[in-house]
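Spelled out from the first residue to the last, the chains are:
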Amino acid sequence: MPAVLVPDRLTRHVAAGHPWLYADAVPEVGGARTGDIVLLVGQGRRPIGHAIFDADSPIALRVLATRKDERPGPALWRRRIETAWRLRQTTLDLSTTDAFRVLHGEGDRLPGVVVDLYAGCAVLKLDTAAWLPHLDDLTAAIVEVVNPRSLWFKGLSGQRGGDEVPASQRPRVLAGEEPPPQVEIREHGMRMRVDVRRGQKTGMFLDQRENRRLIRQVARGRETLNLFSYTGGFSLAAALGGAPRVTSVDLARNAVDAARDNFALNDLDPAAHAFVAADAFAFLEQTAGAAYDLVIVDPPSFAPNHKAVRAAEAAYARLNASALRQVRPGGLLAAASCSSHVPMDMFLRILSEAARQARRPLRLLEVRHEPPDHPSPLHFPEGRYLKFVLAVAE
Ligand code: SAH
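Residues numbered from 1 in each chain as written. Predicted model: local features only at pLDDT ≥ 70, side-chain atom pairs only at ≥ 80, totals over all residues. Heavy atoms only, no water.

Peer 1: Describe helix H3 (residues 135-146), and please don't skip the residues or the numbers.
Peer 2: Taking 1.5 Å per residue as the helical rise, H3 with its 12 residues ought to reach 16 Å, and the 16 Å between its terminal C-alpha atoms agrees with that figure. Of all the positions in H3, only Leu 135, Leu 138, Thr 139, Ala 141, Ile 142, Val 145 and Val 146 are classed as buried. Taken down its axis, H3 places every buried residue within 165 degrees of arc, on the same side. The outward face of H3, more than 90 degrees from its buried face, is lined by the exposed residues Asp 136 and Glu 144. For H3, the secondary structure elements touched by its buried residues are helix H2 (74-91), strand E6 (99-104), strand E7 (113-118), strand E8 (121-126), strand E9 (150-156) and strand E10 (172-176). Looking one or two places after H3, you find Asn 147, whose phi comes out positive at around 50 degrees. (Helix = DSSP H or I, 4+ residues; strand = E, 2+ residues; numbered from the N terminus. Expected span 1.5 Å × (residues − 1). Buried < 20%, exposed > 50% of the residue type's maximum accessible area, 1.4 Å probe, protein only. Arc of directions from axis to C-beta. Contact = heavy atoms within 4.5 Å.)

Structure representation (structure tokens):
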């Protein structure tokens, strides 16, 4: 087994549960190929754990195990998936929800492996090509523990479609039947159709489930604007919670169409609401101010890497300031950010700046991170990517 000497200052982080070692922070891993299991050694060649190697990623090593009795291999993958599955069974209300994350990579100690379940259809997505040589073993473990109707491989995150994608990375059925074009799921009783093949991420943004539920609780009587609405999750929640009229705005025409269909699926009359395929920034510019009692802003990440953070801060502030100008006095702003490079304290500062720009002081009602099916190691701030803030505007 190839071995790598971990610098002293990093062994502490590995022991504390940080799952990543960057290529530029460790010596070259001699003779290892992508997918190999590598022994991590500390001072005096003392073994400190095992990691999986990716020759082409800036994250060269993802830590699989740090305990002496844990040997990486199919039995460990299975145990990790079993533990994750049990955690979901005991922390989620599965009587009203059948769409959730079964396995959250780093947070479930299988770094780089994500499995989402949509009403019996499992979707597997990998953050690193290192897992490709282990795909058969992962498949067997998922089938054994989760027993899905189908297991669909969504490919590598960040990967674009097209012919240049090697066959091993192409989306395909790994087990069971072909997933239907639309999987119908329930989230706290709310119904949605999910396209696991063509949808964003694995089909849906499951990490906002509890925040959609919160919106459902506070939306009664509030005219609502949902910016970056995708397939209408927050919009449906608002309408089911009693918002008389919900305006959904997304750039993707097919997402807007799906949102309209999802309204009908929940016996909500789409004609009573507005569905707009448009750029959210342009929409805000063209709209006269203060026309809504609740504005939801859940944009895609503005900071894909650390260098983009400064520009992203300014962009988040400007966007939220424009959104805030649409809120009637005493109304609510629900602002989210999913960039791991923007921690919560920074996001709260950004919202202060937005409030200053719009001259609309905010009072916080709720400040939230990921739900329990998206756990993250405490010693891994990069894992706390989701911020959701509900505030009332003066
Ligand atoms: N709130 C959604 C998830 C939003 S994801 C949910 O709970 O399901 C971000 C969405 O922003 C995507 O659907 C994407 O199509 C959309 N988007 C990206 N850029 C946009 C823009 N400039 N204007 C409007 N929508 C945009």
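Peer 1: Can you lay out the environment of Arg 79 for me, pointing to particular residues and giving the numbers?
Peer 2: Tracing the chain through its elements places Arg 79 in helix H2. The class for Arg 79 is partly exposed, based on a relative accessible area of 41%. Residues Arg 79 and Val 145, spaced 66 residues apart in sequence, show a C-alpha to C-alpha distance of 9.2 Å.

Peer 1: Before we move on, can you summarise the packing of aromatic side chains with the specific residues and values?
Peer 2: Working definition: an aromatic ring pair is given by the centre-to-centre distance plus the angle between the planes. Enumeration over the complete set of coordinates arrives at 11 aromatic pairs. Centre to centre, the rings of Phe 228 and Phe 281 are 6.0 Å apart; their planes meet at 75 degrees, and the pair counts as edge-to-face. Here Phe 228, found in the loop between strand E13 (224-227) and helix H5 (233-240), pairs with Phe 281, found in helix H7 (residues 280-286); they are 53 residues apart in sequence, far enough to count as distant. Take Phe 228: its relative accessible area is 17%, and that puts it in the buried class. Phe 281 gets classed as partly exposed once you look at its relative accessible area, which sits at 35%. Taking 6.3 Å as the distance between ring centres and 35 degrees as the angle between the ring planes, the aromatic pair formed by Phe 281 and Phe 302 counts as tilted. Remark: Phe 302 occurs in the loop between strand E16 (292-297) and helix H8 (309-325) and Phe 281 occurs in helix H7; sequence separation between them is 21 residues. Three or more aromatic residues link up through ring pairs in this structure, and these residues are Phe 228, Phe 281, Phe 302, Tyr 316 and Phe 347. (Phe/Tyr/Trp six-rings, centres within 6.5 Å; stacked < 30°, edge-to-face > 60°.)

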